[in-house]
Amino acid sequence: MKHGQISSKELTDFIRERSTIEEAYARSMTKLAKSAGNFSQLGTFAPVWDVFKSSTEKLASCHMELVRKLQELIKEVQKYVEEQAKAHKKTKEEVASTLEAVQNIQTISQALQKSKEIYNAKTVEQERLRKEGATQRDVDKAGVKAKKATETYKAYVEKYATAKSEFEQKMAETAQKFQDIEESHILHMKEIIQSYSQSVDETHIQIGELHSEFVRNIENTSVESLIQKLAESKGTGKERPGKPPQTFMSVFVLGPVPVPALWGWEGCIERENSFYSSSDSEDEEEPRKFHVEIKPVEPNNGTHQNRATIDELKASIGNIILSPSTLVWLCDILNSKTPKHRPVAVLLCCATSLLWTSRGPSPVTLASQDALPIAVAFTESVNAYFKGADPTKCIVKITGDMTLSFPMGIIKVFTTNPSPAVLTFKLKNTSRLEQILPNQQLLYSDPSQSDSNSKDFWFNMQALTSYLRKASDQNPSASYFNVDILKYQVLSDGIHSTPLNLAVYWKSTASTTDLRVDYRYNPDSMVSPGPLSNVQILVPVDGESKNVDVEEESRTSRWNLTVFVCVGPPGAGSLRAKFELSDGPSNPSTLAVQFMSEGSTLSGVDMELQGTGYRLSLSKKRFATGM
């Protein structure tokens, strides 16, 4: 039984070592895939590296899946080792009587042998004295001793027979128990080995399928298709040069502008800065040119001035979202072309569809060869406790959540493709994070990374597909599904980490309570400072205030007002309130303040997709006060 326990532990060590080897191999494959992605993207051969990269990523995922299965198997073996030890302990207690029977027959056997030797010696001595003609007294004396030895010998023979019968019975029962334990042990070990072999076999099948897919992809990558891709990526269009661009931008000018300054002015303008939505932006190598047409203003006949009404402007621009950088750029151009008068305001209206807002990953039907759209959202919560006006006593805790959003169409792509491209991303600016807690059911990471400001993660694609399929079954009408990827805690530096610094002062008498709240906007707490919106203050004031509503149960007035809509630079000032009391003085209490900010986070953490097969269609960031 001891050897059985040793074998179980050794099998655990063997599987664990195999798991370590597979994990190291998977990491090496992941690094190799990344290196393939960093190879030259120029020339006709560039798309082939995408095939290598995708195949190697899938291979790494297969081996990581084997690691997961082996880890689960190790848990099963360890559980068996514990159960085995308990069974052995119980058996040892049950066969304790067998040990007594063994010890008893050993003792009786020794006594029987000794009594036999004494019996033989005494009998021989009596016979010798009789033959040598010893005196009758000596012969009788020897006979008494021989008789006593015979009786002792006979008694031990009977004891031995009883002990032998008990020994054989106990040994047969105990040996059967030992055999049953060993048979069960061997069967259990074979089941473990069968699970181990099945996991390895499934991995080898997946690897074979991956290799076949790789061969097919290479065969399908013809010389003509590679040349065609290069032509499409580097070409300037299918039409011959010389035709004017098809995108027009009209500029409407409000205010008194002399006709000669604008009439007939038009020309091609090179774009220096542009604004894209977060869904499908790509860097372009060549600057795009646009035709700018200035609509002429009706001649001023002296009876009225041409002014567009608000309704006309709304009808003209619709729901177009304008870029401040573009607005300023066009104003500068107009200013340079119209030195006599500057326009009061400039509104842009695009004749084609420089503007749209993405609301999430597209739910339209996706093909397996398309780059699949996903969206990411970072949501952070800041909790702070200010005690009086002492900044050193400020306690701050900032936590965050990262969520990915997948469109409905991506599920079909995953389920119809046995080996979808591994979704890999880099979490950037992690040096400002104190702790990162990834979703261990879905994500893998490499703990050996040396870069302290970023961390690489990749998905368990089988687990992700299963998760999304289950979510789709539960809500088949949804157009997209949100998945919690990881949580994190941000390093804080006391009051310096809070976007809004606060100090409260109370002055209470029997008839009045004066309250002053000093606030200061702190842009240094944010990587990209933005305004704080929906700032609200809740102030509980006891003493039965006369000038605000009173809660009957607590006899406490609650001053719950949206005191300012938005706080930004310089954003410093004081709020004052005076309460008339009928039962004062009131006791100073804790104020609650809440706000939110869209478009940025306090940590500055960000995500960058790695590899091919996916594209980031939207990135949202916000932070707000906690509960």
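Residue numbers restart at each chain and count upward from 1, following the sequence in its written direction. Totals for whole chains, interfaces and linings use every residue, but because this is a predicted model, local features are given only for residues with pLDDT of at least 70 and side-chain atom pairs only at 80 or more, for both listing and counting. Neither water nor hydrogens contribute to the side-chain values; these are computed over all heavy atoms in the structure.

The name an unreviewed UniProt entry assigns to the protein chain is FCH and mu domain containing endocytic adaptor 2, from the organism Scophthalmus maximus. UniProt positions are given in the numbering used here, feature names are shortened, and annotations may be inferred rather than shown by experiment. According to the UniProt record, the Sequence similarities (unreviewed entry) comment for the protein chain is "Belongs to the FCHO family." Under the Subcellular location (unreviewed entry) heading, UniProt states for the protein chain: "Membrane, Clathrin-coated pit".

Participant: What is the right way to read the packing of helix 1 (residues 2–37) against helix 4 (residues 136–220) from this model?
Facilitator: Axes are the key here: two packed helices are described by the angle between their axes and the distance separating the axes. Axes, fitted as lines to C-alpha atoms, cover a helix only where it is in contact. Angles between the N-to-C directions of the axes lie from 0 to 180 degrees. In DSSP terms, a helix is any run of H or I states spanning at least four residues, a strand is any run of E spanning at least two, and both are numbered starting from the N terminus. Remark: helix 1 packs on helix 4, axes separated minimally by 11 Å, with the N-to-C direction vectors making an angle of 5 degrees. With respect to helix 4, the element helix 1 is oriented roughly parallel. Contacts from Gly4, Ser7, Ser8, Leu11, Phe14, Ile15 and Arg18 of helix 1 reach helix 4 at His185, Met189, Ile192, Tyr196 and Val200. All amino acids are sorted into three groups, where Ala, Val, Leu, Ile, Met, Phe, Trp, Tyr, Cys and Pro are nonpolar, Asp, Glu, Lys and Arg are charged, and the leftover types, Gly among them, are polar. Taken together, the residues of the contact of helix 1 with helix 4 break down into seven nonpolar, four polar and one charged. We call two directions roughly parallel when the angle between them is under 35 degrees, roughly antiparallel when it is over 145, roughly perpendicular when it lies between 65 and 115, and oblique otherwise. It only takes one pair of heavy atoms within 4.5 Å for two residues to be counted as in contact.

Participant: Explanation requested: the nonpolar core in the structure shown.
Facilitator: Soluble globular proteins: nonpolar side chains tend toward being buried together. For our purposes a nonpolar core is just a set of buried Ala, Val, Leu, Ile, Met, Phe, Trp, Tyr and Cys residues, chained together by side-chain atoms within 4.5 Å. Only protein chains enter the accessibility calculation, which uses a 1.4 Å probe; a residue is then buried when its area is under 20% of its type maximum, exposed when over 50%, and partly exposed in between. Met402, Leu404, Phe406, Ile410, Phe459 and Leu468 are the most contacted members of the largest nonpolar core, which totals 64 residues. With six residues, strand 11 (residues 480–490) is the largest single contributor of residues to this core. Counting 13 residues, the second largest nonpolar core, distinct from the first, contains Leu11, Leu73, Ile74 and Val200.

Participant: Whenever I open this one, the side chain of Glu65 confuses me. Can you help?
Facilitator: By the secondary structure assignment, Glu65 is in helix 2 (residues 46–94). Taking the relative accessible area as the measure of exposure, Glu65 reaches 5% and is therefore buried. Any pair of N or O atoms that falls within 3.5 Å is considered a polar contact. Within protein, one atom must be able to donate a hydrogen and the other to accept it, and sequence-neighbouring residues count only if both atoms are side-chain atoms. A polar atom in the side chain of Glu65 sits 3.2 Å from the side chain of Asn460. The residues touching Glu65, leaving out its near neighbours within four places in the chain, are Tyr444, Asn460 and Gln462.

Participant: Sorry, what's going on with the packing of aromatic side chains here?
Facilitator: Where two aromatic rings form a pair, the distance of their centres and the angle of their planes describe that pair. Centres within 6.5 Å make a pair out of two Phe, Tyr or Trp rings, where for Trp the six-membered ring is used; the pair is then stacked when the planes are under 30 degrees apart, edge-to-face when over 60, and tilted otherwise. A full pass over the atoms with the stated rule returns nine aromatic pairs. Pairing Phe45 with Trp49 gives two aromatic rings, centres 5.5 Å apart and planes at 85 degrees, and the pair type is edge-to-face. Phe45 gets classed as partly exposed once you look at its relative accessible area, which sits at 43%. A centroid spacing of 6.3 Å and a plane angle of 50 degrees characterise the contact between Phe425 and Phe459, whose relative ring orientation is tilted.

Participant: Is there a simple way to think about the sheet that holds strand 17 (residues 572–580) in this case?
Facilitator: The pairing of strands in a sheet comes from backbone hydrogen bonds and takes either a parallel or an antiparallel form. What makes two strands pair is DSSP finding at least two bridges between them. The strand order across the open sheet built from three strands is 12-13-17, with neighbouring strands paired in antiparallel fashion. With one partner strand each, in any of the chains shown, strand 12 (500–508) and strand 17 form the two edges of the open sheet. Within the sheet, the average angular offset between the axes of one strand and its neighbour, ignoring direction, is 15 degrees. Two elements, strand 13 (residues 512–521) and strand 17, share nine bridges in a ladder whose sense is antiparallel. Counted as the bridge partner of Arg520 is Ala572 from strand 17.

Participant: Whenever I open this one, the sheet that holds strand 9 (residues 443–445) confuses me. Can you help?
Facilitator: Ordered by their spatial adjacency, four strands build an open sheet running 9-10-7-19, and the pairing between neighbours is antiparallel. Of all the strands in the sheet, just strand 9 and strand 19 (606–610) have a single pairing partner and so form its edges. Taking each pair of neighbouring strands and ignoring which way they run, the sheet shows an average axis angle of 30 degrees. Relative to strand 10 (residues 454–459), strand 9 is paired through three bridges, and the arrangement is antiparallel.

Participant: Would you explain the pairing of strand 12 in this entry?
Facilitator: Looking along a regular strand, one sees the side chains alternate between the two faces of the sheet. In this sheet, strand 13 lies alongside strand 12 in antiparallel orientation, the contact comprising nine bridges. Residue pairing in the sheet places Lys507 in a bridge with Asp514 of strand 13.

Participant: What is the right way to read the packing of helix 3 (residues 96–131) against helix 4 from this model?
Facilitator: Packing of helix 3 against helix 4 leaves a shortest axis separation of 7 Å and a crossing angle of 160 degrees. Viewed along their axes, helix 3 and helix 4 adopt a mutual orientation that is roughly antiparallel. Helix-helix and strand crossings are classified by hand; for helix 3 and helix 4 the assignment is left-handed. A crossing counts as left-handed when the near helix is turned anticlockwise from the far one by less than a right angle, and as right-handed when that turn is clockwise.

Participant: Hey, could you run me through the UniProt feature "coiled-coil region" (unreviewed entry) in the protein chain in this one?
Facilitator: Mapped onto the present numbering, the UniProt feature "coiled-coil region" (unreviewed entry) falls on residues 63–90 and 146–184. A helix fraction of 100% and a strand fraction of 0% characterise residues 146–184, whose end C-alpha atoms lie 56 Å from each other.

Participant: Is there a simple way to explain the environment of Ser600 in this structure?
Facilitator: Residue placement: Ser600 occurs in the loop between strand 18 (592–598) and strand 19. Exposure remark for Ser600: the relative accessible area of 5% places this residue in the buried category. With 21 residues separating them along the chain, Ser600 and Lys621 place their C-alpha atoms 5.0 Å apart. Non-local contacts of Ser600, meaning those with residues more than four positions away in its chain, are made with Ser528, Lys621, Arg622 and Phe623.

Participant: Can you walk me through unusual backbone geometry in this structure?
Facilitator: Of all residues except glycine, most have a negative phi; of all peptide bonds, most are trans. Looking along the chain, the bond that leaves Gly584 and enters Pro585 is cis, with omega of -5 degrees. Take Pro585: it is sitting in the loop between strand 17 and strand 18. The residue Asn534 is not glycine, and still its phi comes out positive at about 55 degrees. Residue placement: Asn534 occurs in strand 14 (residues 532–542).

Participant: Would you take a moment to explain a nonpolar patch on the surface for this structure?
Facilitator: A residue counts toward a patch only above 30% relative accessible area and without a salt bridge, and it is joined to like-charged neighbours within 9 Å or, for Val, Leu, Ile, Met, Phe, Trp and Tyr, to nonpolar neighbours within 5 Å. Accessible surface area values rest on a Shrake-Rupley calculation with a 1.4 Å probe, where residue burial reflects the displayed protein chains alone. Any carboxyl oxygen of Asp or Glu that lies within 4 Å of a side-chain nitrogen of Lys or Arg is treated as forming a salt bridge with it. Together, Phe45, Phe52 and Ile218 make up an exposed nonpolar region whose accessible area comes to about 250 Å². Judged by relative accessible area, Ile218 falls into the partly exposed class, the value being 33%.

Participant: Is there a simple way to think about the environment of Thr91 in this case?
Facilitator: One can find Thr91 in helix 2. Along the primary structure Thr91 and Lys177 are separated by 86 residues, whereas in three dimensions their C-alpha atoms are 7.9 Å apart. Leave out the neighbours within four places in its chain, and Thr91 touches Met1, Phe178 and Ile181.

Participant: I would appreciate a short explanation of the pattern of salt bridges in the present structure.
Facilitator: Side chains that differ in charge, positive against negative, can pair when their charged atoms come close. Inspection of every chain in the model, using the stated rule, returns 21 salt bridges. When the shortest N-O distance is used, the salt bridge between Arg68 and Glu65 registers 2.6 Å. Of this pair, Arg68 and Glu65 both sit in helix 2, separated by three residues, roughly a single helical turn. Take Arg68: its relative accessible area is 35%, and that puts it in the partly exposed class. Between Lys487 and Asp401 there is a salt bridge, with its nearest N and O atoms 2.5 Å apart. Of this pair, Lys487 sits in strand 11 while Asp401 sits in strand 6 (residues 395–407), and the two are 86 residues apart along the sequence.

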